[in-house]
Structure formats: C-alpha cells, structure tokens
Amino acid sequence: MAASPAFDTVASFAEENDMEALGAIAQGDVGGAVAGVLAAIQDVLVSGIPLGVLVFGALFAIIAHALLAMVYERVVPRVLLSARSLLQSDAKRVFVQGLAVFVAAPVVAGLLMIPLVTAPIAVLMVAVMAMVWLFGMPFVGYVAFQVLLPSRAPRSAGMLGVVVVTLACYVLAAVAPVLFAVVPTLCAVCFAGLLLRWVRVNQGEGEGKRP
C-alpha cells in the first residue's frame, strides 16, 4: 500500500531536520524509531555518559539498594521505626546535626593523622564515614518516604523511596557526572544525624532506667 501524502510530508520534514525517530515512525519502521529516540536522548545528555551505562547502573543500583533495604527490615526493624519517628518529630535538627558531623569529622580526622599514635583512630573515622555514605541512601530513602507518604503501606512507601532516591542519582549524573554524589551525600548527612540522635535517645533511656 502506498504511503499517504501526509506521511510523505512528515518523512521529508524529518529528513531535512535530522529527526531520525519521527522519520522512522512515518515510514513504519519501529526499530528505527526506537533507535532514533535513544539517539535523541543521548544527544540531550549533557554529561556525555553513554545512555546504556546510566540505565544499567541505575537498574543494578536499584536492585542492590532494594535488597539492602530488605536486610534493614530483617536485621534492624526497631532502628527503622525509631528513625521514622525522629524524622516525623524533628527532621530539621536531625539534618543539622548530621551536617555538623560531616563537616567536623574530616577536620578531626585530619588533626588525628598528625600524631602517629592517633592515626589509627583517624583511619577508623574515615572508614565509618565512608560506610555512612555508602549505606545511608537506601536507609534514608526507605524511612523518608514512609514519613512523606503516610497513607501508603510502610513497606510500599519505603521501597518507593529507595527507587526514587536511586534514580535521582542517575538523573543528576546524566546532567553532569559530578552531580552523582549530591543525593548520596545528602542522604549520608541525614543518616549520620539519625544515628547520632538514635544513640542519644537510647543513652537517655538507659540512664533513666538506672536505679
């Protein structure tokens, strides 16, 4: 069946303006249309990171973070509940305290590196902060979305939060690679504040129970 004049017009317009996807659609080429759309998306990516790398990285990270969130559910359910109540009651203080920890920790670690005797303590501090940075994102995403979406089931809201914060990393990386660290760093700051507040609350409860 011959193509209609309208489709011929669309195809010629797409060819003149280098719009591969539109031209492929007009000609009925589904595979070409998909390839054209992917090429157009790749052109939009300012960072220059290949689209395949971003997609694969995002899928791998989502699966890893979801599994880690399930580990949190099994291993430290009470910590998750405490963190959720802390975010609900005093999120601003949690974030400010976590930010203070992240600003002060490198300074203290640097000072402790000067005397050789305290250097192992500095190395331990750096290792702890690295662990907070690596594992904070699924924890904070899980807890924060339970607070933001109270009408949803807690587990459903938490897993949605894990997916959203993970995708946010790769969306920012598509703009500029350096922005990839923004979301994990913000989550790590919040995670540090939550841990600090949780320790203080439990210390206070322990002292209150003493005879």
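Structural data are supplied above this passage.
In short, a report on the structure. (Residues numbered from 1 in each chain as written. Predicted model: local features only at pLDDT ≥ 70, side-chain atom pairs only at ≥ 80, totals over all residues. Heavy atoms only, no water.)

**Some thoughts on the nonpolar core**
1) Next: Core analysis: the biggest nonpolar cluster contains 37 residues, and F102, F139 and L194 have the highest contact counts within it.
2) Next: Secondary-structure elements contributing two or more residues to this core are α4 (51-75), α5 (77-112), α6 (119-148), α7 (154-175) and α8 (182-209).
3) Next: Setting aside its immediate chain neighbours within four residues, F102 contacts M129, V132, W133, A188, V189 and A192. (Core = buried A, V, L, I, M, F, W, Y, C linked by side-chain atoms within 4.5 Å. Buried < 20%, exposed > 50% of the residue type's maximum accessible area, 1.4 Å probe, protein only. Helix = DSSP H or I, 4+ residues; strand = E, 2+ residues; numbered from the N terminus. Contact = heavy atoms within 4.5 Å.)

**Comments concerning α4**
1) Next: Over its 25 residues, α4 runs 36 Å from end to end, which matches the ideal 36 Å to within 8%, given 1.5 Å per residue.
2) Next: If you check which residues of α4 are buried, you get L51, L54, G57, A58, A61, I62, H65, A66, L68, A69, Y72 and E73. (Expected span 1.5 Å × (residues − 1).)

**Points about the pattern of salt bridges**
1) Next: Taken as a whole, this structure holds 2 salt bridges when the rule is applied.
2) Next: Between R93 and D90 there is a salt bridge whose closest N-O contact spans 3.3 Å. Taken together, the positions of R93 and D90, both in helix α5 and 3 residues apart, correspond to about one turn of that helix.
3) Next: Residue classification places D90 among the partly exposed residues on the basis of a relative accessible area of 22%. (Salt bridge = Lys/Arg side-chain N within 4 Å of Asp/Glu carboxyl O.)

**Description of the packing of aromatic side chains**
1) Next: Overall, the coordinates contain 3 aromatic pairs when judged by the stated rule.
2) Next: Ring geometry for Y72 versus F139: centroids 5.5 Å apart, planes at 75 degrees, classification edge-to-face. Here Y72 is found in helix α4, whereas its partner F139 is found in helix α6, with 67 residues between them in sequence.
3) Next: Its relative accessible area of 12% is what places Y72 among the buried residues.
4) Next: Considering the side-chain rings of Y170 and F180, the 5.3 Å spacing of their centres and the 75 degrees angle between planes classify their relative orientation as edge-to-face. Of this pair, Y170 sits in helix α7 while F180 sits in the loop between α7 and α8, placing them 10 residues apart in sequence.
5) Next: In this structure F180 comes out as partly exposed when scored by relative accessible area, which is 31%.
6) Next: Here the aromatic cluster, defined as three or more aromatic residues joined through ring pairs, consists of Y72, F139 and F191. (Phe/Tyr/Trp six-rings, centres within 6.5 Å; stacked < 30°, edge-to-face > 60°.)

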